[in-house]
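# Structural characterization, general
So you can see what is in the structure, the chains are spelled out below.
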Amino acid sequence: MPSLIDLRRRIRSVKNTQQITKAMKMVAASKLRRAQERIVNARPYAVQMQRVLTSVASRVDPASHPLLAQREKQPDSQTLVIVVTADKGLCGGFNTNLIKAAAHYIESSRSKCTLGLLGRKGRDFFVRRGFDVLFERIGLLHKPQFSDAQVVAGEAMRAFLDGNVDAVVVIYNEFRSVMSQHPSIEQLLPIGRAEVAEPAAGEGGVDYLYEPSAQVILDALLPRYVEAQLYRAVLETNAGFYGAQMTAMDTATKNSADMIASLTLYMNKVRQAAITREIIEVVSGAEAL
């Protein structure tokens, strides 16, 4: 049976931990509000840009731009998998679920995979296990900047245009709510083509007029599309991380309170047992005299 000193020391330790988890919850809540505002503002632009460009890509010749070129799967084909994780832990299964989804995708992929790792947790996991890594970046989720996404997107597009990889895929945690972050897998390159319905009888097909030309417009829009989608993935993961951390720290704070109550009750029982034992010893000694 532990002594009263040991129990008091343990209760004090749990209280100190509770103060830390409560502070981390408050910090995560304040950062989540800003991160949620950023993703709410960025998501409509990225979604609408994806809708427009996939529609445009379905109406032009894939040979009109190299980022639209669909390459056939070959035995030596390579896919660049960009995995966006957090730099820190204490966020429940946020990073673990994402890494599991990425590992499953790599194992089930029919082509060889090389990795682009954004975030310390993903970098540590895949580098330790000897995966082929093309590039890695740490610290992007601390203060997400569009310029950082441009640099990473530039490396991915350069690898695709040089023929080093035949496809680029990004895996990130989609922010749905504070309680829900779901691993999502999206293809960045080649840019997908929307299904275009056949025009009905008597109706003309919808097409676009390009000014100055389709080539000039695609040269300007397609790289920006890749940068915007990658930036959105970083913002989604950033907001999801703070949501997961806030939830995890809230649960840890509540568990600490339960543990303190349980330890306090046990300490009182031990102290009461010690007092009772001393009274019995005094009474027994008096009777013996």
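Refer to the structure presented above.
So, here's what we can say about the structure. The written sequence of each chain sets the order in which its residues are numbered from 1. It should be noted that, the model being predicted, local features are given only for residues of pLDDT at least 70 and side-chain atom pairs only at 80 or more, the latter also being counted only at that level, while totals for whole chains, interfaces and linings use all residues. Only hydrogens and water are set aside when side-chain values are computed; all heavy atoms of the structure are taken into account.

### Some points on unusual backbone geometry
That bond from Leu189 to Pro190 is cis: its omega, -10°, falls within 30 degrees of zero. Although it is not a glycine, Leu90 sits at a positive phi angle of roughly 55°. Helix and strand assignments follow DSSP, with helices taken as H or I runs no shorter than four residues and strands as E runs no shorter than two, numbered in order from the N terminus. With respect to the secondary-structure elements, Leu90 resides in the loop between β1 (78-84) and α2 (94-108).

### Some remarks on the packing of α2 against helix α3 (residues 120-128)
Only the stretch in contact is used when a helix axis is fitted, and all axes are lines through C-alpha atoms; the angle between N-to-C directions ranges over 0 to 180 degrees. Two elements in contact, α2 and α3, have axes separated by 10 Å at closest approach and are oriented at 45°. One finds that α2 runs oblique with respect to α3. Here α2 and α3 pass one another in a crossing that is right-handed. In this structure, α2 uses Asn95, Ile99, Ala102, Ala103 and Ile106 to contact α3, whose residues at the interface are Lys121, Gly122, Phe125 and Phe126. Any residue that is not Ala, Val, Leu, Ile, Met, Phe, Trp, Tyr, Cys, Pro, Asp, Glu, Lys or Arg is counted as polar, Gly included; the first ten are nonpolar and the last four charged. Class assignment for the residues of the contact of α2 with α3 results in six nonpolar, two polar and one charged. Between 65 and 115 degrees an angle is taken as roughly perpendicular, under 35 as roughly parallel, over 145 as roughly antiparallel, and anywhere else as oblique. Crossing chirality is assigned from the near helix's rotation relative to the far helix, an anticlockwise turn below a right angle marking it left-handed and a clockwise turn marking it right-handed. Pairs of residues are marked as contacts when any of their non-hydrogen atoms sit within 4.5 Å.

### What about the sheet that holds strand β5 (residues 181-189)?
With mixed pairing, the five strands of this open sheet are ordered in space as β3-β2-β1-β4-β5. Only two strands of the sheet have a single neighbouring strand rather than two, namely β3 (133-137) and β5. Neighbour-to-neighbour, the strand axes of the sheet open up by a mean angle of 20°, direction not taken into account. In short, DSSP must find at least two bridges between two strands for them to pair. The pairing of strand β2 (residues 112-118) with β3 spans four bridges and is parallel. Counterpart to Gly116 in the pairing with β3 is Phe135.

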